[in-house]
Amino acid sequence: MDKNGKIKGKVSIVDIAVILLVIVVILGIAARYGNKITNAVKTDKQFEYVLKVENVRQYTVDALKRMGNVTDKKSEKNLGEIIDVTVENATQQSTTASGEVTMTELPERYTCYVTIRAVGKESSDNYILDDSTELSVGRNIDLYSKYVKTSGDISSVKVVE
């Protein structure tokens with residue numbers, strides 16, 4: 001080391017310290033996030049998820065029954081294809097004058113169970129569509145198709161073999 005702090009006149013101790021610091025930071029990032037990145041997404045899968053759309057009019061029921069592809073308005077990416085629609089009369093919880101809780105049928109209102117088939121990824125703890133939409137029971141999804149714009153809650157998700 002010479003009087004200017006350089007080793008053999010070319011590299012200083014500060015240069016070596018900076019290089020070592022950069023290497024340590026890179027190794028730290030790789031150790032912290034490297035495992036999650038490689039294990040997060042395991043495989044491509046085909047899913048069927050059921051969306052419960054409540055309290056809709058006959059017009060919406062008819063539009064859903066026309067099937068077709070559905071998208072998310074925000075991303076405008078494909079969320080799958082409607083393959084089945086089951087309809088039942090909509091009900092609402094109400095209380096009678098005596099305090100009894102009953103389920104009352106709503107006139108001209110329906111609850112639809114829309115089965116959608118989509119392709120996505122299966123990770124260690126959830127299912128993810130190609131546009132990064134997570135499929136989990138209870139999650140609300142906006143549903144847009146050529147014929148209808150509505151939203152509903154996911155009531156079930158299953159992998160189709």
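Please refer to the structure placed before this passage.
Every value quoted in this text rests on a predicted model; they were computed, and no experiment measured them. (Residues numbered from 1 in each chain as written. Predicted model: local features only at pLDDT ≥ 70, side-chain atom pairs only at ≥ 80, totals over all residues. Heavy atoms only, no water.)

1. Observations regarding the overall build of the chain
Across its full length, the chain holds two helices and ten strands. Mapped from its N terminus to its C terminus, the chain presents α and β elements in the order β-β-α-β-α-β-β-β-β-β-β-β. Looking at the chain residue by residue over its 161 residues, the buried ones come to 25%. Of the contacts formed within the chain by residues at least 6 apart in sequence, a portion of 62% connects residues at least 24 apart. Element-wise, carbon and sulfur atoms account for 52% of the exposed surface of the chain, whose accessible area totals about 11,000 Å². (Helix = DSSP H or I, 4+ residues; strand = E, 2+ residues; numbered from the N terminus. Buried < 20%, exposed > 50% of the residue type's maximum accessible area, 1.4 Å probe, protein only. Contact = heavy atoms within 4.5 Å. Areas by Shrake-Rupley, 256 points an atom, 1.4 Å probe, with all protein chains shown as cover.)

2. Digging into the side chain of Thr111
In this structure, Thr111 sits in strand 6 (residues 101–123). Overall, Thr111 belongs to the buried group, its relative accessible area being 5%.

3. Details of the pairing of strand 6
Sheet topology note: the strand 5 (residues 78–95)/strand 6 ladder contains 13 bridges and is antiparallel. Pairing of Ile82 across the sheet is with Ile116, part of strand 6. What sits between the antiparallel neighbours strand 5 and strand 6 is a turn of five residues, in which Gly99 has the positive phi angle 95°. Where strand 6 and strand 7 (residues 127–129) come together, three bridges link them in antiparallel fashion. (Pairing = 2+ DSSP bridges.)

4. Some points on the pattern of salt bridges
One pass over the full model with this rule turns up four salt bridges. The partner of Arg117 in a salt bridge is Glu48, with the nearest N and O atoms 2.2 Å apart. With Arg117 in strand 6 and Glu48 in strand 3 (residues 41–56), the pair connects residues that are 69 residues apart, well separated along the chain. With a shortest N-O distance of 3.6 Å, Glu54 and Lys52 are connected by a salt bridge. Taking relative accessible area as the criterion, Glu54 reaches 46% and is therefore assigned partly exposed. (Salt bridge = Lys/Arg side-chain N within 4 Å of Asp/Glu carboxyl O.)

5. Brief notes about the nonpolar core
Grouped together as the largest cluster of nonpolar side chains are 23 residues, with contacts concentrated most on Tyr49, Leu51, Leu64, Cys112, Val114 and Ile116. Of all the secondary structure elements, the ones that give two or more residues to this core are strand 3, helix 2 (58–64), strand 5, strand 6 and strand 9 (140–145). Those residues in contact with Ile116, other than ones at most four positions away along the chain, are Phe47, Glu48, Tyr49, Leu51, Val70, Leu79, Gly80, Glu81, Ile82 and Leu143. (Core = buried A, V, L, I, M, F, W, Y, C linked by side-chain atoms within 4.5 Å.)

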